2 protein chains.
Amino acid sequence: MRVEELDTPTLTIDLDALEENLTRYQAYFTQHGIGLRPHIKTHKTAAIAAMQMAHGAIGLTCQKVSEAEVFVNCGLAVDILIPFNIVGKAKLERLVALAKRTRVTVAADSAYTVEGLSDAAQRAGITLGVIVEVECGMERTGVATPAGATELAQHIDRLPGLELRGFMGYPTPPAVRPILQETIALFDKAGLAREIVSGGSTRHAFEAHLLPELTEYRIGEYPTGGEGHLRAGRHTVEQCALRVQATVISKPTPNRVILDAGSKTLSASTLQTDRGVSMGYLVEYPEARFYGASEEHGHVDVSACAVKPEIGERVQVIPVHPCPCVNEHDEMVAVRKGVVEAVWPIYARGMIR
Amino acid sequence: MRVEELDTPTLTIDLDALEENLTRYQAYFTQHGIGLRPHIKTHKTAAIAAMQMAHGAIGLTCQKVSEAEVFVNCGLAVDILIPFNIVGKAKLERLVALAKRTRVTVAADSAYTVEGLSDAAQRAGITLGVIVEVECGMERTGVATPAGATELAQHIDRLPGLELRGFMGYPTPPAVRPILQETIALFDKAGLAREIVSGGSTRHAFEAHLLPELTEYRIGEYPTGGEGHLRAGRHTVEQCALRVQATVISKPTPNRVILDAGSKTLSASTLQTDRGVSMGYLVEYPEARFYGASEEHGHVDVSACAVKPEIGERVQVIPVHPCPCVNEHDEMVAVRKGVVEAVWPIYARGMIR
């Protein structure tokens, strides 16, 4: 079956592009001696995680316990990092159960979290690996200062049931190197273990070698690309492997076409570009502007296109943000040179807990 | 089980609020002699559609054929309106198959669409009901003018396999009454059937009686509410039945708390408020500002809260836009006075075709 025969909208991934992305990024990290620990939050798909492991990944990053369970159940992950504060009895019980089955390291940024981890590990009779998250400019989670992170590491080190394994930051552009260095110096002064110094972000992946302190790196979007990476020059159109196949279903005015793919297909994510807000990049019509969407309709301004798409025509859309786009789908169709090779269930879709 | 015992994040719906919303809106439409045809795109849930039908709905609105199949398969819908241009062989075949099982009316805004419908109906040996969509200010789909809509209606009227049933617009605030009146006058002059004059939008629902031309009305969000309706005064906090139960999992600074519910739980939808962008309303902390999210983290500024939430504390979030939020979930938990009464599968989640 050819891709043109698939009903629309359908999520597809180009295998040649995917494999090239996996090879290119793995080669970089291998060359620089930094462990690549792919973040599965982007693709949520066992088939791609298996390819990442086969390419040389040291393990997987899963943002939630329920995601980690999927990949462990698929037999894929022998070493999982969960860079998320696990809080609450239900999730702690699942976390320690998982840690009995595979190597798990979990991140934390508060005494509250690590005390819960210690308590759960003790009840389960296991030792749980923990790293501290330190603020690196995202202003999300993370202990605000290296000194604070070191204090929390000392607390972890003293708590029963826990094994301190180091620390992490996100994102880690070269500018955060002083934070890593200061944290390392404080850890070393306090005699704290730091086998893991983990950085991350696809945006800064090829700058990772400028932070030789890093032992491993978490990236999610490198296999798929996306309009943000395309516009920033990190992925070419060809390297943007993830596409939504869509159909023009209305053309109410000469300059407005409506696709059968809206926010329920692409996610409600938007991207600010120099031409205004975008909800996707039309491969066949680079001059088109995908300026808005309702749930089932994509709204595209084609006034800048010399030749304009017609009703019934199919187009390929590169989503602005691959992660939430994938989460809208139960499966993705793997395609090579326009021919369907596989249909991959997205087993970790919707794993929110 | 009490709602506080559910692991987080979890989507819940309050049954008292849901029933009150269903009763209130149905009473209004019954009083004014306008058929209420709920749009299931918001809840995507058979259990709620069944309640809507029991309250007096004349049928259901489904945006895609695959959604309509779900409700027909649940035995719920004897009369379905699909306000969407159905384009392409695969969907046309499913549409006519569905029309053999139940009464289906489908909207169109182009000769391309209606010729495809006619062709498919003839092949299947059936008559398919069609209405014309006329532009009412949304600038999405819809024939640009009443005259153009009438021309398309004449085309439908002449095509074999189709039964012209009238026209629709979206949205239909009182200001669009002249468009409806002009279209009706043109239809009548041309001797065209118009048993259906369909309007829609929860925002303008209680103004529907100001357009006596309407025979029926499509609304989706009235059962659930949402932060947009709350801030506009259309739903009270109590009437916002749909909530995401979340937990504070980090508090890196005194004024920033991080929830375990991000865009993968709430959707990436945002709302512009007078205090800036919002991604949800915290019921227990009305002064908090849910200003951003990554996939699994919700970022909340609590600087304006006199008492601030602590790590481990549970909060209820009213999503800004219920429809894409529901689409992130496989089930919602129905709760009454804090006690779980049912777990409802969201059967139409992800039905994008």
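Residues numbered from 1 in each chain as written. Chains lettered and ligands numbered in written order. Predicted model: local features only at pLDDT ≥ 70, side-chain atom pairs only at ≥ 80, totals over all residues.

S.K.: Just checking my understanding: could you explain the overall build of chain A for this structure?
M.R.: Looking only at helices and strands, chain A features 10 helices and 19 strands. The C-alpha atoms of chain A give 22 Å as radius of gyration, which agrees with the globular expectation for 353 residues (20 Å, within 12%). Overall, the C-alpha framework of chain A stretches about 70 × 40 × 35 Å when taken along its three principal axes. When burial is assessed residue by residue, chain A has 58% of its 353 residues classed as buried. The contacts of chain A with a sequence gap of at least 6 include a subset with a gap of at least 24, amounting to 66%. (Helix = DSSP H or I, 4+ residues; strand = E, 2+ residues; numbered from the N terminus. Rg over C-alpha atoms; globule rule 2.2 N^0.38 Å. Buried ≥ 20, exposed ≤ 12 C-beta atoms within 10 Å, placed from the backbone. Contact = placed C-beta atoms within 7 Å.)

S.K.: I would appreciate a short explanation of the sheet that holds strand 8 (residues 196-200) of chain B in the present structure.
M.R.: Neighbouring strands of a sheet are bound in pairs by backbone hydrogen bonds; such pairs are parallel or else antiparallel. All names here are of chain B. Spatially, the 8 strands line up as an open sheet ordered 2-9-8-7-6-5-4-3, and their pairing is parallel. Each of the sheet's edge strands pairs with one partner strand only, and the pair in question is strand 2 (35-36) and strand 3 (60-61). In this structure, strand 7 (residues 162-168) lies alongside strand 8, joined through 3 bridges in parallel fashion. From the neighbouring strand, Phe167 faces strand 8, where its bridge partner is Val197. (Pairing = 2+ DSSP bridges.)

S.K.: It is not clear to me how the domain arrangement of chain A should be interpreted in this structure. Could you clarify?
M.R.: Think of interface size as the accessible area that goes away when the parts come together; that is how it is often given. All names here are of chain A. Domain annotation of chain A identifies domain 1 (16-218) and domain 2 (227-320). The straight-line distance from the C-alpha centre of domain 1 to that of domain 2 is 35 Å. Counting from both sides, the interface comprises 5 residues of domain 1 and, opposite them, 4 residues of domain 2. Across the side of domain 1 that touches domain 2, the residue classes break down as 2 nonpolar, 2 polar and 1 charged. (Domains from an automatic or database assignment. Nonpolar A, V, L, I, M, F, W, Y, C, P; charged D, E, K, R; others polar.)

S.K.: Looking at this structure, how should I read the relation of the copies chain B and chain A?
M.R.: Copies of the same chain, two in number, are related to each other by a rotation about an axis and a translation along it. Mapping chain B onto chain A calls for a screw motion: a turn of 180 degrees about the axis and a shift of 0.0 Å along it, with 0.0 Å RMSD after fitting. These values place the two chain copies in the arrangement generated by a two-fold rotation axis. Within chain B, the C-alpha atom positioned nearest to the axis of rotation is that of B:Ala268, 2.5 Å from it. When the interface residues of chain B are mapped onto chain A, 100% of them are again interface residues, pointing to one common binding face. (Least-squares fit on C-alpha atoms with pLDDT ≥ 70 in both.)

S.K.: What is the right way to read the interface of chain B and chain A from this model?
M.R.: Between chain B and chain A, the contact holds 50 residues from the first and 50 residues from the second. When contributions to the side of chain B that touches chain A are tallied by element, the ones reaching two or more residues are helix 4 (89-101), strand 10 (242-253), helix 9 (263-266) and helix 10 (322-326) of chain B. A breakdown of the residues in the side of chain B that touches chain A according to their chemical character gives 15 nonpolar, 21 polar and 14 charged.

S.K.: Please clarify how the nonpolar core should be interpreted in this entry.
M.R.: Most often, soluble globular proteins keep nonpolar side chains buried together rather than apart. The biggest cluster of nonpolar side chains holds 215 residues, and the ones touching the most others in it are A:Ile82 and B:Ile82. Other than its neighbours up to four places away in sequence, B:Ile82 contacts B:Cys62, B:Val65, B:Ala68, B:Val104, B:Val106 and B:Ala107. (Core = buried A, V, L, I, M, F, W, Y, C linked by C-beta atoms within 7 Å.)

S.K.: Mind showing me how you'd approach the environment of B:Phe290 here?
M.R.: Residue and element names in this part refer to chain B. Structurally, the position occupied by Phe290 is in strand 15 (residues 289-293). Between the C-alpha atoms of Phe290 and Asp260, which are 30 residues apart in sequence, the distance is 13 Å. Phe290 has contacts with Ser278, Met279, Gly280, Leu282, Gly298, Val300 and Val317, leaving out every residue within four places of it along the chain.

S.K.: Explain the confidence of the model for chain A to me, please; I cannot follow it from the model alone.
M.R.: Reading fine detail from the predicted coordinates is not recommended where pLDDT is low. In the predicted model, chain A carries a mean pLDDT of 97, and 100% of its residues have values of at least 70. For this predicted complex, the interface confidence score (ipTM) comes to 0.96, while the overall pTM stands at 0.96. (pLDDT = per-residue confidence, 0-100.)

S.K.: Any chance you could explain helix 6 (residues 146-158) of chain B here in plain terms?
M.R.: Owing to its 3.6 residues per turn, the α-helix brings residues three or four apart onto one side. Residue and element names in this part refer to chain B. When the terminal C-alpha atoms of helix 6 are compared, their 18 Å separation across 13 residues agrees well with the 18 Å that a helix rising 1.5 Å per residue should span. Turning to helix 6, its buried residues number three or more, namely Pro146, Ala149, Thr150, Leu152, Ala153 and Ile156. For helix 6, the arc enclosing every buried residue in end-on projection is 160 degrees, short of the 170-degree limit, so these residues lie on one face. On its buried side, helix 6 packs onto helix 5 (111-124), strand 6 (128-133), strand 7 and helix 7 (177-190). (Expected span 1.5 Å × (residues − 1). Arc of directions from axis to C-beta.)

S.K.: Can you walk me through the pairing of strand 8 (residues 196-200) of chain A in this structure?
M.R.: In summary, the side chains of a regular strand alternate between the two faces of the sheet. Residue and element names in this part refer to chain A. Most of strand 8 sits inside the fold, with 5 of its 5 residues counted as buried. A two-sided burial pattern is seen for strand 8, the buried positions comprising Ile196, Ser198 and Gly200 on one face and Val197 and Gly199 on the other. Since strand 7 (residues 162-168) and strand 8 lie parallel, the crossover through helix 7 (residues 177-189) that links them has a hand, and here it is right-handed. Across 3 bridges, strand 8 lies against strand 9 (residues 216-218) in parallel orientation. Bridging across to strand 9, Gly199 finds its partner in Tyr217. (Right-handed = clockwise from strand over helix to strand, strands pointing away.)

S.K.: Hey, could you run me through unusual backbone geometry in this one?
M.R.: One can expect most non-glycine residues to show negative phi and most peptide bonds to be in trans. That bond from A:Thr8 to A:Pro9 is cis: its omega, -10 degrees, falls within 30 degrees of zero. Residue position: A:Pro9 is located in the segment before strand 1 (10-14). Omega for the bond connecting B:Tyr170 with B:Pro171 falls within 30 degrees of zero, at -15 degrees, which places this linkage in the cis form. Among the structural elements, B:Pro171 can be located in the loop between strand 7 and helix 7.

S.K.: Sorry, what's going on with the sheet that holds strand 7 of chain A here?
M.R.: All names here are of chain A. Strand order in the open sheet formed by 8 strands is 2-9-8-7-6-5-4-3, with parallel pairing between adjacent strands. In this open sheet, the two edge strands, each paired with only one partner strand, are strand 2 (35-36) and strand 3 (60-61). Bridge count for strand 5 (residues 103-108) against strand 6 (residues 128-133) is 4 bridges, and the pairing is parallel. Within strand 6, the position partnered with Ala108 by the bridge is Val132.

S.K.: I tried to follow the pairing of strand 11 (residues 256-259) of chain B on my own but got confused; where do I start?
M.R.: All names here are of chain B. Where strand 10 and strand 11 come together, 3 bridges link them in antiparallel fashion. The residue of strand 11 that forms the bridge with Val248 is Leu259. Hairpin connection, strand 10 to strand 11: the antiparallel pair is bridged by 2 residues. Relative to strand 16 (residues 298-301), strand 11 runs antiparallel, the two being bridged by 4 bridges. Paired with Val257 across the bridge in strand 16 is Val300.

S.K.: Quick question: what am I supposed to make of the environment of A:Leu159 here?
M.R.: Residue and element names in this part refer to chain A. Summarising the element assignment, Leu159 is placed in the loop between helix 6 (146-158) and strand 7. We classify Leu159 as buried; it has 20 C-beta atoms within 10 Å. In this structure, the C-alpha to C-alpha distance between Leu159 and Gln122, residues 37 residues apart in sequence, is 9.8 Å. Not counting the four nearest positions on each side in its chain, Leu159 is found in contact with Val114, Glu115 and Ser118.

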